Each structure stands twice: as structure tokens, then as C-alpha cells.
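# Summary of structural features
For reference, the chains in residue letters:
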Amino acid sequence: MKAFQQIPDTYHECARIDLQKDKWTSLLVNILALVTMVLMTMGMTFFRPIKALFDMSQGLGVYALRFVALILGYILYIVLHELTHACMMRLAGGQDVQFGFTGMYAYAGSEQDYFDKSSYLCIALAPLVIWFILLALLGSVMPPDWFWVVYLLQMGNVAGSAGDVYVAFRVLPMPKDLLVMDTGVRMMMLTKEFRNRSSDANE
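Heads up: these notes are all about the structure in this document. (Residues numbered from 1 in each chain as written. Predicted model: local features only at pLDDT ≥ 70, side-chain atom pairs only at ≥ 80, totals over all residues. Heavy atoms only, no water.)

## What about the packing of aromatic side chains?
The final tally for this structure, using the stated rule, is six aromatic pairs. Aromatic ring contacts, followed pair by pair, group Phe54, Tyr63 and Phe67 into a single cluster. We note Arg48 situated over the ring of Phe147; from NZ or CZ to the ring centre the distance is 4.3 Å. (Phe/Tyr/Trp six-rings, centres within 6.5 Å; stacked < 30°, edge-to-face > 60°. Lys NZ or Arg CZ within 6 Å of the ring centre and 35° of its normal.)

## Considering the layout of surface pockets
Its boundaries defined by the atoms lining it, the second largest pocket holds a volume of some 180 Å³. As for the second largest pocket, its lining consists of Gly73, Leu76, Tyr77, Leu80, Trp131, Leu135, Leu138, Met142, Val149, Val150 and Leu153. Of all the elements in the fold, those that place two or more residues in the lining of the second largest pocket are α2 (60-91), α3 (117-140) and α4 (144-160). Among the elements that take part in the lining of the second largest pocket, α2 stands out by supplying four residues, more than any other. For the lining of the second largest pocket, the residue count by class is 10 nonpolar, one polar and no charged. (1 Å grid on protein atoms, 1.4 Å probe; cavity = no way out; pocket = protein on both sides within 12 Å on 5 of 7 lines; lining within 4 Å. Points joined across faces, edges and corners; volume = space filled by probe spheres on them. Helix = DSSP H or I, 4+ residues; strand = E, 2+ residues; numbered from the N terminus. Nonpolar A, V, L, I, M, F, W, Y, C, P; charged D, E, K, R; others polar.)

## Looking at the packing of α3 against α4
Their axes nearest at 9 Å, the elements α3 and α4 cross at an angle of 170°. As the angle between them shows, α3 and α4 are arranged roughly antiparallel. Each of Pro127, Leu128, Trp131, Phe132, Leu135, Ala136, Leu138 and Gly139 in α3 lies in contact with α4, whose residues at this interface are Phe147, Val150, Leu153, Gln154, Asn157 and Val158. Within the contact of α3 with α4, the residues separate by chemical class into 11 nonpolar, three polar and no charged. (Axes fitted to C-alpha atoms, helices over the stretch in contact; angles between N-to-C directions. Parallel < 35°, antiparallel > 145°, perpendicular 65-115°, else oblique. Contact = heavy atoms within 4.5 Å.)

## Considering the side chain of Asp164
Mapped onto the elements of the fold, Asp164 is located in helix α5 (residues 162-171). In this view, Asp164 contacts His81, His85, Ala124 and Leu125; residues no more than four positions away in its chain are not counted.

## Side note on helix α1 (residues 23-45)
Its 23 residues place the ends of α1 33 Å apart at the C-alpha level, agreeing with the 33 Å of an ideal helix rising 1.5 Å per residue. Here α1 has its buried residues at Thr25, Ser26, Val29, Ala33, Thr36, Met40 and Met44. Packed against the buried residues of α1 are β2 (12-18), α4 and α5. Its side-chain oxygen placed 3.2 Å from the backbone nitrogen of Trp24, Asp22 serves as the N-cap of α1. (Expected span 1.5 Å × (residues − 1). Buried < 20%, exposed > 50% of the residue type's maximum accessible area, 1.4 Å probe, protein only. Polar contact = N/O pair within 3.5 Å; in protein donor to acceptor, adjacent residues only side chain to side chain.)

## Let's talk about the nonpolar core
Among the nonpolar cores identified, the biggest contains 30 residues, and Ile17, Leu19, Tyr120, Val167, Val171, Met187 and Met189 are the most heavily contacted of them. Sorting the residues of this core by element identifies β2, α1, α2, α3, α5 and β7 (186-191) as the ones contributing at least two each. Ranked by size, the runner-up nonpolar core spans 12 residues in total, among them Met40, Met44, Tyr151 and Met155. (Core = buried A, V, L, I, M, F, W, Y, C linked by side-chain atoms within 4.5 Å.)

## Thoughts on the environment of Lys21
Counting through the fold element by element, Lys21 comes out in the loop between β2 and α1. Take Lys21: its relative accessible area is 67%, and that puts it in the exposed class. For Lys21 and Leu190, which are 169 residues apart along the polypeptide, the C-alpha to C-alpha distance reads 20 Å.

## Here we look at the environment of Pro173
Structurally, Pro173 is set in the loop between α5 and β6 (179-182). Judged by relative accessible area, Pro173 falls into the exposed class, the value being 66%. With 81 residues separating them in the primary sequence, Pro173 and Ala92 have C-alpha atoms 21 Å apart.

## What about the environment of Ile123?
Relative to the elements of secondary structure, Ile123 occurs in helix α3. Note on Ile123: relative accessible area 1%, which makes it buried. For the pair Ile123 and Ala168, spaced 45 residues apart in sequence, the C-alpha separation works out to 9.6 Å. Beyond its immediate chain neighbours, meaning those up to four positions away, Ile123 contacts His85, Met88, Met89, Ala92 and Phe115.

Listed below in C-alpha cells is the structure:
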């Protein structure tokens, strides 16, 4: 994995994604997240009925505790999700990682670092993969009334990673020499092959 703070003159922008300003992209990502949550809910109810989440047999205090744990757990997850992005950026050699919140998205990004294709795919998908595994393991040992607390966090993990998955699918077919700058909600892709293709077309 590798990051660059300066790029060769032969590199030129070939694509750009702005999850904040591009309304159609934002809509697509949010629809993808919503569909994911609906499908995950419907699929799991066949194996673990969601009514267990609302079980009050242990008293109102335990019932309320589950929902407090869910709210606090999701806030903690958002922080850990962005920290996971940041850690992967650092491991790839990134030197300037910044955090922020736009009102719609929490983010970790950099305005100085350019990551190669393999590094960027790891950075984008690491929170989804790492927290999917950890939450699945945690959910597997939870009693029925607490299982859905963890599973709802898992749903937040998968659905909340819709933007990361969308960007990864856009990056995947791009050339191997690709470099990506990710400021958090805006991604700029550069490749030296872009100029070559344009030159060939002009000739």
C-alpha cells in the first residue's frame, strides 16, 4: 500500500465523485442504504423475530437499557468507522488525515494525500469488512433480546457503508496506475492513461 503527497506531471484527472454536491449520486447511495436495511431486516426476521427486541419480561429498566445501548452504540460505531478509515490511511502512508461532519455524512479524509488503487480500496472497504466480522461475532453470543441491538448496529454498518461501496465499485474497473484523493465526501481520480487515451482519440 502506498500514498503520495506529490503526483507526477503525467497524471491527469479522469473522474470525480462528490457525495455532497452530486444530488443524483447522493440519492442513489441513500436508496441503496435504505434497500439494504429493509432486506437485512426482512431476512433476519425469519431466523430471529424482531419482537424479542421489545420484550419487557425483564422489566422496564432492561427494556429501556437496550435502546439506550443501541443509541450510544451507534454513536460509538460512527466514530470507530471513521477512525478505521483514518488508520488505514495512515498505514498506507497518508500524512494529513482530517475528520469532519457535513450534516449528512461523518468523514475522515485528506486534501494532501493521493492513494494508489489497492490502498484506496482497502481504505474504503476496511470499516465495512472489519466491523461486519466483529459485530457478527458479538451477535452470535448475544441472548435473543439483545441480539437485535447488535444486529441493528450491523445494519447501520452495512447500510452506512453504502457510499464506500459505491465509490469502491467505481474505482474497481479503473486502471491499475490510478491515484485517488479522498477529502471525505469528494473523491478525485487521476491516471496517466487518461491523457494517452485522449491523445489517441485526437489522432
